[in-house]
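# Structure at a glance
Each chain is listed here by its residues.
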Amino acid sequence: MKKAEEIFQLLKDNFPASNLELKTDQPTEAIIIASPLEIDKICLFLHDASELLFDDLMNLSGVDEPKAGLLTVYYHLGSTKIKHKITLKVSTDRNKPEVSTVTEVWKSADWHEREAYDLLGIIFLNHPDLRRILMPYDWDAGYPLRKDYENPEFYQGMKVPY
Amino acid sequence: MAIKTEEMVLNMGPQHPSTHGVLRLELALEGEIITNVIPHIGYLHRCFEKHCEAMTYPQIVPYTDRMDYLAPMGNEFGYAIAMEKLLGIQVPERVEYIRVIMAELQRISSHLVALGTYGADIGAFTPFLYCFIDREKVLNLFEITCGARLLYNYIWIGGLSHDLHPDFIRKTREFIKEFRPNLKEINDLLSHNRIFIDRTANVGILPIDTAINYGVSGPNLRGSGFKWDIRKDDPYSIYSKFDFDIPVGEGKYGTVGDSWDRYYVRVLEMEESCKIIEQALDQLPEGDVQSAIPKRIKPVVGNVYARVENPRGDLGYFIMSDGSTSPYRVKVRAPSFVTMQVLNELCKGYMVADVVTILGSIDIVLGEIDR
Amino acid sequence: MGFLDKEFTDGNIVIAKAEDLFNWARLSSLWQVSFGLACCAIEMMATSASHYDFDRFGVIPRPSPRHADFIIISGTVTLKMATRIKRLYEQMPDPKYIISMGSCANCGGPYWEHGYHVLKGIDRVIPVDVYVPGCPPRPEALLEGLLKLQEKIRHESMIKKTA
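First, a word on scope: everything that follows refers to the structure included in this document. (Residues numbered from 1 in each chain as written. Chains lettered and ligands numbered in written order. Predicted model: local features only at pLDDT ≥ 70, side-chain atom pairs only at ≥ 80, totals over all residues. Heavy atoms only, no water.)

By secondary structure assignment, the location of Asp55(A) is in the loop between helix H2 (39–48) and strand E3 (56–65). Using a relative accessible area of 10% as the deciding quantity, one classes Asp55(A) as buried. Within the structure, Asp55(A) has its side chain in polar contact with the side chain of Lys81(A) (distance 3.1 Å). With residues up to four places along the chain from it excluded, the contact list for Asp55(A) reads His47(A), Gly78(A), Ser79(A), Thr80(A), Lys81(A), Trp106(A) and Ile212(B). (Helix = DSSP H or I, 4+ residues; strand = E, 2+ residues; numbered from the N terminus. Buried < 20%, exposed > 50% of the residue type's maximum accessible area, 1.4 Å probe, protein only. Polar contact = N/O pair within 3.5 Å; in protein donor to acceptor, adjacent residues only side chain to side chain. Contact = heavy atoms within 4.5 Å.)

Structure (structure tokens):
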């Protein structure tokens with residue numbers, strides 16, 4: 001079982017060029033911050049390295065932070081063999097959100113990323129099938145989970161507000 | 001001489017007697033053999049995450065009930081555990097024991113629905129009625145505790161809404177005494193029935209590596225032979241005090257990881273839940289169930305991820321707080337949402353009638369998938 | 001019921017109005033489209049199970065809307081699903097009835113305020129006959145809703161067109 005600091009050290013040794021940070025001041029767990037376009041290589045390393053073996057993508061969620069002008073994605077990884085956990089975080093610009101996909105590493109990321117695209121508008125590069133999943137396919141009123149989202153008045157003839 | 005065939009697309013629409021809710025499956029067929037299955041979801045998207053950003057922390061508990069409406073106690077349990085981790089509250093021991101009893105009773109009732117509707121999909125209608133009779137007894141137990149049959153709002157952050165009714169312990173012990181022979185009856189009716197075995201064995205085989213890569217968890221992963229249970233591998237609450245087994249699929253009538261294994265793991269899990277409930281009732285301490293409930297919930301800035309073992313798999317809550325009385329972001333990692341993705345892999349090469357079998361064996365609930 | 005009061009002495013002949021006869025036949029054997037959306041569907045299934053039996057009122061679940069008399073909209077109706085429900089309703093042959101079960105189908109339910117994808121009440125799309133309140137309604141409440149529907153059918157008229 002490895003602690004967050006040891007995992008961070010392993011990552012820094014193997015990816016010296018990318019800017020990684022470790023944040024431990026907030027409750028409840030330590031977060032490793034990475035850059036959005038290199039997250040797929042980092043995740044591939046975390047999945048394959050023999051002392052880490054993170055084979056379980058527990059959760060992938062997008063968060064809207066309008067005050068900082070960012071859209072962030074949090075990855076919670078776990079290992080079924082070694083039983084340790086780690087959290088990763090990437091942030092992109094709110095006006096042009098682009099993050100590399102991790103579907104090559106874990107196939108369960110497929111629908112999680114589609115949901116982040118559908119509700120928040122984060123574009124995942126090289127995703128096999130990026131389209132809306134929960135909202136109707138012809139929904140053109142924006143991305144509902146953003147903080148500045150406004151409800152449309154009508155949708156296909158039905159009144160939307162109460 | 002080979003017959004020239006064309007690919008046909010068949011729609012198993014949102015209204016269908018066997019899709020366990022509003023799910024649309026687009027089947028690409030070559031004759032009667034399936035080449036591709038594309039699920040379309042979102043017909044029950046009820047904007048749970050947007051509601052969480054507008055409500056205060058205690059007000060979210062009834063909404064978490066309504067996501068996986070067959071196991072609401074499990075949903076509330078997960079939310080309470082996540083919030084108590086963020087706030088740093090330690091609940092009294094009596095609360096922990098009662099929560100475990102409720103969660104295990106809920107597991108029994110959820111598996112009864114799963115088995116009953118699975119039998120009804122395959123064509124056996126009688127087990128459905130038998131399962132629902134036992135389920136009514138469990139719902140009676142819940143009703144005398146908190147007043148509701150289906151959606152409870154019982155497990156609050158820091159405690160419970162009501163203490164146990166004075167008759168609860170006696171009635172639960174009676175229920176378990178009556179349930180064990182009923183379980184044997186369901187087994188004789190359905191599990192070892194020749195027709196049921198012919199329809200479910202060797203259908204929809206899920207290998208372990210595929211399952212872990214796709215994020216499958218719960219009885220579906222255990223049916224493939226991998227012993228993974230959050231109650232033992234990443235323990236929460238007081239599960240480490242109880243003595244119970246983790247049943248896994250062994251391929252008794254077919255290959256390991258087929259639909260029969262996934263179904264039978266659920267039957268065995270109900271027996272294990274009975275064991276846990278009996279041990280918890282024997283060890284139940286006294287105490288006040290509402291002493292640790294905070295008057296006003298305003299956590300520090302931070303985030304937490306916690307997961308529990310729901311009857312359908314690992315349910316995870318990711319809660320981000322910004323210091324105010326409502327959360328900044330709540331994301332629910334629903335087990336059925338993640339398990340739906342593996343349906344395409346499971347159905348390739350089988351016939352149309354097997355889609356119903358496979359879909360019933362992975363036991364999805366659309367309220368959880370669409371949230 | 002009133003039919004058997006009008007028997008003649010040899011017991012084989014009953015005289016009644018055609019309207020009463022048709023209404024009685026319709027309300028005694030209402031077949032429903034098996035259509036469940038969300039949590040209320042589980043209560044509907046529990047109502048058709050053996051504890052609170054639906055079959056003793058003549059109600060059988062039919063998979064196809066073309067064979068059915070009435071539909072119970074049980075559960076939250078979302079915008080994506082509302083167009084399909086309208087199509088289902090149009091496929092049912094006359095005379096047809098609709099029971100709206102649960103708060104979500106009546107008025108949007110607990111999701112009325114911030115639900116951007118929830119239709120606030122199925123009566124924005126199709127005409128409803130009976131509303132059953134509750135979240136979810138108990139099986140006894142659903143049975144009372146069914147009895148109210150039967151009451152409504154009993155007083156229907158062949159000449160005046162309804163719905």
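Taken together, the contact pairs 39 residues of chain B with 43 residues of chain A. At the surface where chain B touches chain A, the tally comes to six salt bridges. Between Glu115(A) and Arg371(B) there is a salt bridge whose closest N-O contact spans 2.9 Å. Tallied by class, the residues present in the side of chain B that touches chain A amount to 19 nonpolar, eight polar and twelve charged. (Salt bridge = Lys/Arg side-chain N within 4 Å of Asp/Glu carboxyl O. Nonpolar A, V, L, I, M, F, W, Y, C, P; charged D, E, K, R; others polar.)

On to the interface of chain C and chain A. With 13 residues of chain C in contact, the opposing surface of chain A contributes 17 residues. Looking only at chain C, the three residues that lose the most surface to chain A are Leu79(C), Lys80(C) and Tyr116(C), adding up to 50% of its buried area. On inspection of chain C and its partner chain A, the count reaches zero salt bridges. In this assembly, chain C and chain A are joined by three residue pairs in polar contact (both at pLDDT 80 or more). It is helix H3 (residues 79–91) of chain C that contributes the most residues to the side of chain C that touches chain A, four residues altogether. Residues that form the side of chain C that touches chain A fall into these classes: eight nonpolar, two polar and three charged. (Buried area = accessible area lost by both parts, 1.4 Å probe.)

Attention now moves to the nonpolar core. Within the largest apolar cluster, 203 residues are counted, with the highest numbers of intra-cluster contacts made by Tyr75(A), Tyr154(B) and Ile73(C). Element by element, the count of residues in this core is highest for helix H4 (residues 93–122) of chain B, at 14 residues. Once you skip the residues sitting within four places of it in the chain, Tyr75(A) turns out to touch Ile39(A), Leu57(A), Asn59(A), Leu60(A), Ile86(A), Thr87(A), Leu88(A), Val90(A), Val99(A), Ser100(A) and Val102(A). (Core = buried A, V, L, I, M, F, W, Y, C linked by side-chain atoms within 4.5 Å.)

Looking now at the environment of Arg199(B). Residues and elements named next belong to chain B. In this fold, Arg 199 is placed in helix H7 (residues 194–200). Residue classification places Arg 199 among the partly exposed positions, given a relative accessible area of 25%. In this structure the C-alpha to C-alpha distance between Arg 199 and Ser 259, which are 60 residues apart in sequence, comes to 9.0 Å. When residues no more than four places from it in sequence are discounted, the contact partners of Arg 199 are Ile 122, Ala 353 and Thr 357.

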